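Working through the structure, step by step
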Amino acid sequence: MVFGSSFQFGFNIGVLNPQVRFINASYYDTLSGRKGGGVSPQELTVLWSLTTALMIPGGLVGSLLGGWMADRFGRKHTLIFSHVFILLGVPLATGCVAARSPEILMISRILFGFNAGLGNCAAPMFVSEISPYSLRGALSTLPQLFLTIGILMSSIFGLPQLLGNDIRQ
């Protein structure tokens, strides 16, 4: 459960950062084609900032609903439901370059945020409730550990030597 919620949250926090130049190039190509001209660096900065920041409103809504859903439907069912948003967001994030639509990536970031908000509410509760009493303290640190590992892995996978290459070349 921790790997499926906290790790994904951490991975989605850091996954865009190593790819900034490719995403900005894609935004530039797409918007230049739409506008029939160049795009200023300020416009690219605003779009990049918006893309990365849109995970936060999704997370806010998810976290506000997470406690209520965990009490109403149970921790396990809330975690399973949160994964629906990852399953919707991944194809959108993957297909945004082919669709030539920065807006699709932005929508996927909102969905990733909603998943993260729900998962960060339900996963620690679930882990602490299913853990044996003698291990509860140690196991309750796993969500934070896996969040950090997710950030690390997104940075490693973003290295140009591994998966950080421009697919348009």
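Keep in mind that what you see is a predicted model, and the values were worked out from it rather than measured.

Calculation criteria
- Residues numbered from 1 in each chain as written.
- Predicted model: local features only at pLDDT ≥ 70, side-chain atom pairs only at ≥ 80, totals over all residues.
- Heavy atoms only, no water.
- Helix = DSSP H or I, 4+ residues; strand = E, 2+ residues; numbered from the N terminus.
- Expected span 1.5 Å × (residues − 1).
- Buried < 20%, exposed > 50% of the residue type's maximum accessible area, 1.4 Å probe, protein only.
- Contact = heavy atoms within 4.5 Å.
- Phe/Tyr/Trp six-rings, centres within 6.5 Å; stacked < 30°, edge-to-face > 60°.
- Core = buried A, V, L, I, M, F, W, Y, C linked by side-chain atoms within 4.5 Å.

Details of helix α5 (residues 75-99)
Between its terminal C-alpha atoms α5 stretches 36 Å, which fits the 36 Å expected from 25 residues at 1.5 Å a residue. Here α5 has its buried residues at Arg75, Thr78, Leu79, Ser82, Phe85, Ile86, Gly89 and Cys96. Among the residues trailing α5, Arg100 stands out with phi positive, at a value near 55°.

What to know about the side chain of Ser101
Considering the arrangement of structural elements, one finds Ser101 in the loop between α5 and α6 (102-130). With a relative accessible area of 13%, Ser101 lands in the buried category. Dropping the residues within four chain positions of it, Ser101 is found in contact with Thr30, Arg34 and Cys96.

A look at the packing of aromatic side chains
What the rule picks out here adds up to five aromatic pairs. Between the aromatic rings of Phe85 and Phe114, the centroid separation amounts to 4.5 Å while the plane-to-plane angle is 70°, which identifies the pairing as edge-to-face. Of this pair, Phe85 sits in helix α5 while Phe114 sits in helix α6, placing them 29 residues apart in sequence. Neither residue differs from the other here; Phe85 and Phe114 are each classed as buried. Aromatic ring contacts, followed pair by pair, group Phe7, Phe11 and Phe157 into a single cluster.

Points about the environment of Ala122
By the element assignment, Ala122 lies in helix α6. Given a relative accessible area of 0%, Ala122 falls into the buried group. Sequence separation between Ala122 and Thr141 is 19 residues, and the spatial gap between their C-alpha atoms is 14 Å. Ignoring anything within four residues of it in the chain, the contact list for Ala122 reads Arg75, Thr78 and Leu79.

Here's the deal with the nonpolar core
Judged by nonpolar contacts, Leu16, Ile23, Tyr27, Leu31, Val39, Leu44, Leu47, Trp48, Leu54, Cys96, Leu105 and Met106 together constitute the single largest core of twelve residues. Mapped onto this core, the elements with two or more residues apiece are α2 (20-35), α3 (41-53) and α6. For Tyr27, the contacting residues outside a window of four places in its chain are Leu44, Leu47, Trp48, Thr51, Pro102, Leu105 and Met106. Judged by nonpolar contacts, the second largest core, of five residues, contains Met69, Phe85, Leu111 and Leu118.

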